[in-house]
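Here's the letter readout for the chains.
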Amino acid sequence: MHIHEFQEMMHSLYFKRDSERGVNGTYNWLVDEIAELGEELKKGEDREATEKEFADVIAWLASLANIIGIDHEKAAINKYNYKCLKCQQTPCKCTF
Ligand SMILES: [Zn+2]
């Protein structure tokens, strides 16, 4: 499945509800889900729970993109097209 297909699936499932909640409410949910992912990563003890938090983050990100009409896959590929933004290499050769 491509990012675009995942985003369309989320559109089919939740677009009406997401639209009614709006940008700010959906963004706040995304931030909460990122915080939950961070908590799971800190605990580092339950891989299945961590996977579910990853799923929640991409789901809420897709919902947010749907509300404002961003094609997430197109945006991601346009910016990160198989090369580092700074050094233009694959893999990145930048020094830390
Ligand atoms: Zn680089």
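Structure shown above.
Residues numbered from 1 in each chain as written. Predicted model: local features only at pLDDT ≥ 70, side-chain atom pairs only at ≥ 80, totals over all residues. Heavy atoms only, no water.

### Quick notes on the coordination of the zinc ion
So, step 1. Here the zinc ion is held by the protein donor atoms Cys84 (SG), Cys87 (SG), Cys92 (SG) and Cys94 (SG), which lie 2.2 to 2.4 Å from it.
So, step 2. Counting gaps between the donor residues of the zinc ion yields the pattern C-x2-C-x4-C-x1-C.
So, step 3. With relative accessibility at 16%, the residue Cys84 sits in the buried group. (Donors = N, O, S within 2.8 Å, 3.2 Å for Na, K, Ca; no water. Buried < 20%, exposed > 50% of the residue type's maximum accessible area, 1.4 Å probe, protein only.)

### What to know about unusual backbone geometry
Across residues other than glycine, the phi torsion is negative in most instances, and most of the peptide bonds are trans.
So, step 1. In the segment running from Thr90 into Pro91, the intervening peptide bond is cis, with an omega of -5°.
So, step 2. For Pro91, the position within the fold is in the segment after helix 3 (72–79).
So, step 3. Of note in this structure, Gln88 is not a glycine but carries a positive phi near 65°. (Helix = DSSP H or I, 4+ residues; strand = E, 2+ residues; numbered from the N terminus.)

### Digging into the pattern of salt bridges
So, step 1. Counting across every chain of the model gives 5 salt bridges.
So, step 2. We note a salt bridge from Lys43 to Glu40, for which the minimum N-O separation is 3.2 Å. Placement of the pair is Lys43 and Glu40 together in helix 1 (residues 3–43), with a separation of 3 residues, close to one helical turn.
So, step 3. Judged by relative accessible area, Glu40 falls into the buried class, the value being 10%.
So, step 4. The shortest N-O distance in the salt bridge between Lys52 and Glu48 comes to 3.5 Å. Of this pair, Lys52 and Glu48 both sit in helix 2 (residues 47–68), 4 residues apart, roughly one helical turn. (Salt bridge = Lys/Arg side-chain N within 4 Å of Asp/Glu carboxyl O.)

As far as function goes, none of this settles anything; it's purely spatial.
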